[in-house]
Amino acid sequence: STGAKTDNGSTFRVSEVPTAIGIYREQLALTIEANEPNPLFAGNGVFLKPQADYDTFKAVIDAQKAIAESETATLEELEAAITAVETAAATYDAVETIKPEEGQLYTIQNKGNGGYLSLNTEAGQVYASTDPQGFYFTATEDGYYLSNELGYVGIDGNNVIITADENKALLVATPAELR
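All of these numbers come straight from a predicted model, not from anything done at the bench. (Residues numbered from 1 in each chain as written. Predicted model: local features only at pLDDT ≥ 70, side-chain atom pairs only at ≥ 80, totals over all residues. Heavy atoms only, no water.)

Novice: Before we move on, could you go through the packing of aromatic side chains and cite the residues and values that matter?
Specialist: The final tally for this structure, using the stated rule, is six aromatic pairs. A ring pair is formed by Phe57 and Tyr92, whose centres lie 4.8 Å apart and whose planes are at 25°; its orientation type is stacked. You can see Phe57 sitting in helix H2 (residues 51-69) and its partner Tyr92 sitting in helix H3 (residues 75-94), a full 35 residues away along the chain. For the pair formed by Phe57 and Tyr92, the shared burial category is buried. Relative to Tyr144, the ring of Phe137 has its centre 6.2 Å away and its plane inclined at 90°; by these criteria the two rings are edge-to-face. Tyr144 shares its class with Phe137; the two are buried. Among the aromatic residues, those joined into a ring-pair cluster are Phe47, Tyr106, Phe137 and Tyr144. Stacked on the ring of Tyr92, the Lys or Arg Lys49 has its end atom at 5.0 Å from the ring centre. (Phe/Tyr/Trp six-rings, centres within 6.5 Å; stacked < 30°, edge-to-face > 60°. Helix = DSSP H or I, 4+ residues; strand = E, 2+ residues; numbered from the N terminus. Buried < 20%, exposed > 50% of the residue type's maximum accessible area, 1.4 Å probe, protein only. Lys NZ or Arg CZ within 6 Å of the ring centre and 35° of its normal.)

Novice: A description of the pattern of salt bridges should follow, citing residues and the corresponding values.
Specialist: Pairs may arise between side chains of opposite charge once their charged atoms sit close together. Inspection of every chain in the model, using the stated rule, returns five salt bridges. The salt bridge partner of Lys58 is Glu36, with a shortest N-O separation of 2.6 Å. Separated by 22 residues along the polypeptide, Lys58 in helix H2 and Glu36 in the loop between helix H1 (20-35) and strand E3 (42-43) bring together distant segments of the chain. Across the salt bridge formed by Lys65 and Glu36, the nearest N and O atoms sit 3.2 Å from each other. With Lys65 in helix H2 and Glu36 in the loop between H1 and E3, this pair connects stretches of sequence that are 29 residues apart. Residue Lys65 is classed as partly exposed on the basis of its relative accessible area, which comes to 26%. Through salt bridges with shared partners, a single ionic network connects Glu36, Lys58, Asp62 and Lys65. (Salt bridge = Lys/Arg side-chain N within 4 Å of Asp/Glu carboxyl O.)

Don't take any of this as a statement about function, it's just geometry.
Right, here's the structure in full:
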């Protein structure tokens, strides 16, 4: 095939010139990739984004993926899809995670083996047990302390401990960017 000439005389193949639609399709794909929500941060539990908000956001992302993959998408459709992803991402980012209720006891469970977080004051240890113990999330300025009537769950060096010392208490916080 013959090439086209530029003003300075160099030759290029017309098929190699990016089109506006191709550029917008690539921008849409990158915007979707950068804003894809993580299902691990969604649900109806404490510190998660509400499942309904995740589902709404994911539906918008999936609809825009179809536009990005469409060979017949127009420039206007691609521009609108980029705006839709950015708007949906901003809306989802503004959704607060589910906060624990003051005075409510919660169990902390390992999904993999079903063990529950437990405290043993006699042994001075934190361990996994088949018997659930309840824990409170006590709100602070920076997050929450995890405690029950036996004390705080804390950290001392590399050890997880039971402590009455609030300065050693394990702080549970929600990441600023949770998506």
